[in-house]
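Residues per chain, in single letters:
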Amino acid sequence: MGHPLRLACLCLVGLLATRAARAQTPPLRLVVSSGLQGDIARIACVSAGERSSGLTALSRALSQRSGEDVLRLDAGDLFGSSAVAHLATRDHLPALVDAVLASGLRALAIGHRDLAGPRADVIARARALSARGVRTVLSNLSCEPEAQDLCDALVDGGDEPLVLATLAGGVGVVALIAPGELSAVAHDRSEGITLSVPEEALGRAVLAARVAGARYVVAFYDPEAPGTLLDTVRMVRALPRDQRPDVVFAQAIDRSTATLEIERGAAMRVFAT
């Protein structure tokens, strides 16, 4: 089972604050995990010394940055469509939720590999995690009546934005999947759902989060394969300044380089897995 990235980075965000404000309010400290894809347990026939799962390693990595001022988020595909994640969700859901909470994650983005898994699994995990205070987000999702259970379980495009309280102030969490990624999802798992244009959904979500009290907005984007860094930056820079998030994490970026002109004093930062 391959994993593009288990831990993205620690990021400090406080670029718009004045010196006086910085002295009073700590910067936002983010630790972001990405692309675990259901590596939550090792099969029993593996020797005891090799049974530690990717989730165990991820939890250790997330906890390396300690302190109440650290916000831990997952950029998507934590569970993916793996058979192990399916079995754990079906037979050991309370233990699975306990493990996610023990990692310190406070919100999860949905990635296209999550959507490729059984829809009942996505709904069950999102409901169980929500009951424990951890929301699952897909901000450009809308549902037809036959798929409404999925939208009800997630923070979708029609919901109030998710804003988390931190020592650095409110943090809005936005997650987007490129609509073209649905073409790689089985019909029974894409039926009844629509992914709106990411730029439009991102702009609306950022504005709504600011109105709801977010000092910072963190966005996660799962682009259409093969996604590039330039595609992601162009998407965000096409938005008016007040509709741009402070930080964007782009999933599974193709191995390509791009020359970018960075505006002096710009607050936005883009990270790619």
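It should be noted that the structure appears before, not after, this text.
Residues numbered from 1 in each chain as written. Predicted model: local features only at pLDDT ≥ 70, side-chain atom pairs only at ≥ 80, totals over all residues. Heavy atoms only, no water.

A word on the overall build of the protein chain
Part 1 of the argument: A count of helical and extended segments in the protein chain gives 10 helices and 12 strands.
Part 2 of the argument: Counting only carbon and sulfur atoms, one obtains 52% of the accessible surface of the protein chain, whose full area is about 12,800 Å². (Helix = DSSP H or I, 4+ residues; strand = E, 2+ residues; numbered from the N terminus. Areas by Shrake-Rupley, 256 points an atom, 1.4 Å probe, with all protein chains shown as cover.)

Things to note about the packing of helix α3 (residues 83-91) against helix α6 (residues 119-131)
Part 1 of the argument: Packing of α3 against α6 brings their axes to within 10 Å, and their N-to-C directions diverge by 55°. Between α3 and α6, the interaxial angle falls into the category oblique. The two elements α3 and α6 meet at a crossing, and its hand is left-handed. Contact with α3, carried on its side by A85, H86 and T89, involves D121, A124 and R125 of α6 and no other residues of that element.
Part 2 of the argument: Split into classes, the residues belonging to the contact of α3 with α6 amount to two nonpolar, two polar and two charged. (Axes fitted to C-alpha atoms, helices over the stretch in contact; angles between N-to-C directions. Parallel < 35°, antiparallel > 145°, perpendicular 65-115°, else oblique. Left-handed = near helix turned anticlockwise from the far one by under 90°. Contact = heavy atoms within 4.5 Å. Nonpolar A, V, L, I, M, F, W, Y, C, P; charged D, E, K, R; others polar.)

As for the pattern of salt bridges
Part 1 of the argument: Counting across every chain of the model gives six salt bridges.
Part 2 of the argument: In this structure, the salt-bridge partner of R29 is D69, at a minimum N-O distance of 3.0 Å. With R29 in strand β2 (residues 28-33) and D69 in the loop between α2 (54-64) and β3 (70-74), this residue pair connects regions lying 40 residues apart in the sequence.
Part 3 of the argument: The exposure class assigned to R29 is buried, which follows from its relative accessible area of 17%. (Salt bridge = Lys/Arg side-chain N within 4 Å of Asp/Glu carboxyl O. Buried < 20%, exposed > 50% of the residue type's maximum accessible area, 1.4 Å probe, protein only.)

Looking at a negative patch on the surface
Part 1 of the argument: Together, D149, D152, D159 and E160 line one region of the surface with negative charge.
Part 2 of the argument: Position of E160 among the secondary structure elements: in the loop between α7 (148-153) and β7 (162-164).
Part 3 of the argument: Given the relative accessible area of 67%, E160 is considered exposed. (Patch = residues over 30% accessible without salt bridge, like charges linked within 9 Å, V, L, I, M, F, W, Y side chains within 5 Å. Lys, Arg positive; Asp, Glu negative; His and termini not counted. Charge placed at Lys NZ, Arg CZ, Asp CG, Glu CD.)

Re α2
Part 1 of the argument: When we look at burial in α2, the residues that qualify are G54, L55, L58, S59, A61 and L62. Angular distribution of buried residues about the axis of α2 spans 165°; they occupy a single face of the element. Looking at α2, the residues exposed on the side facing more than 90 degrees away from the buried face are R60 and Q64.
Part 2 of the argument: Buried residues along α2 sit in contact with β2, β3 and α4 (93-102). (Arc of directions from axis to C-beta.)

Overview of the nonpolar core
Part 1 of the argument: Formed by 21 residues in total, the largest nonpolar core has its most connected members in L28, L30, L73, V218 and F220.
Part 2 of the argument: Of all the elements in the fold, those that place two or more residues in this core are β2, β3, β4 (107-109), β7, β8 (170-177), β10 (214-222) and β11 (247-250).
Part 3 of the argument: One finds V31, A88, L108 and L129 within the second-largest nonpolar core, a separate group that totals 19 residues. (Core = buried A, V, L, I, M, F, W, Y, C linked by side-chain atoms within 4.5 Å.)

Considering the pairing of β10
Sheet faces and side chains relate simply in a regular strand, where the side chains alternate between the two faces.
Part 1 of the argument: Counting buried positions over the nine residues of β10 gives eight, a clear majority of the element.
Part 2 of the argument: For β8 and β10, the ladder comprises eight bridges, and the chain directions are parallel. Looking at the pairing, V173 lines up with V218 of β10.
Part 3 of the argument: As paired strands, β10 and β11 are joined by four bridges and run parallel to one another. Each bridged residue has a counterpart across the sheet, and for A219 the counterpart in β11 is V248.
Part 4 of the argument: Taken together, β10, helix α10 (residues 229-237) and β11 constitute a β-α-β crossover, and its handedness is right-handed. (Pairing = 2+ DSSP bridges. Right-handed = clockwise from strand over helix to strand, strands pointing away.)

A look at helix α9 (residues 198-211)
Part 1 of the argument: Look at α9: 20 Å from first C-alpha to last across 14 residues, which is about the 20 Å you get at 1.5 Å a residue.
Part 2 of the argument: Of all the residues in α9, the buried ones are P198, A201, L202, G203, A205, V206 and A209.
Part 3 of the argument: Check the buried side of α9 and you find it contacts β7, β8, β10 and α10.
Part 4 of the argument: Just past α9, the residue G213 takes up positive phi, approximately 105°. (Expected span 1.5 Å × (residues − 1).)

Structural notes on the side chain of D246
Part 1 of the argument: Position of D246 relative to the elements: it lies in the loop between α10 and β11.
Part 2 of the argument: Judged by its relative accessible area of 5%, D246 is buried.
Part 3 of the argument: Within polar-contact distance, the side chain of D246 engages the side chain of R210 at 3.2 Å.
Part 4 of the argument: Only 2.8 Å separates the side chain of D246 from the backbone nitrogen of V217, close enough to count as a polar contact. (Polar contact = N/O pair within 3.5 Å; in protein donor to acceptor, adjacent residues only side chain to side chain.)

Quick look at the environment of A201
Part 1 of the argument: In this structure, A201 sits in helix α9.
Part 2 of the argument: Distance from A201 to A175, taken between C-alpha atoms, is 9.4 Å for residues 26 residues apart in sequence.
Part 3 of the argument: Ignoring any residue separated from it by four or fewer positions in sequence, one finds A201 in contact with S139, N140, L176 and S196.

Notes on the pairing of β8
Part 1 of the argument: Of all eight residues that make up β8, eight are buried, and the element is covered over most of its length.
Part 2 of the argument: Of the two faces of β8, the one lined by G170, G172, V174 and L176 and the one lined by V171, V173, A175 and I177 are each fully buried.
Part 3 of the argument: Two strands pair when backbone bridges link them, and β7 and β8 are joined in this way by three bridges, in the antiparallel orientation. Paired with L164 across the bridge in β8 is V171.
Part 4 of the argument: Linking β7 to β8, which pair antiparallel, is a turn of five residues; within it G169 sits at a positive phi near 115°.

In short, geometric facts, not functional conclusions.
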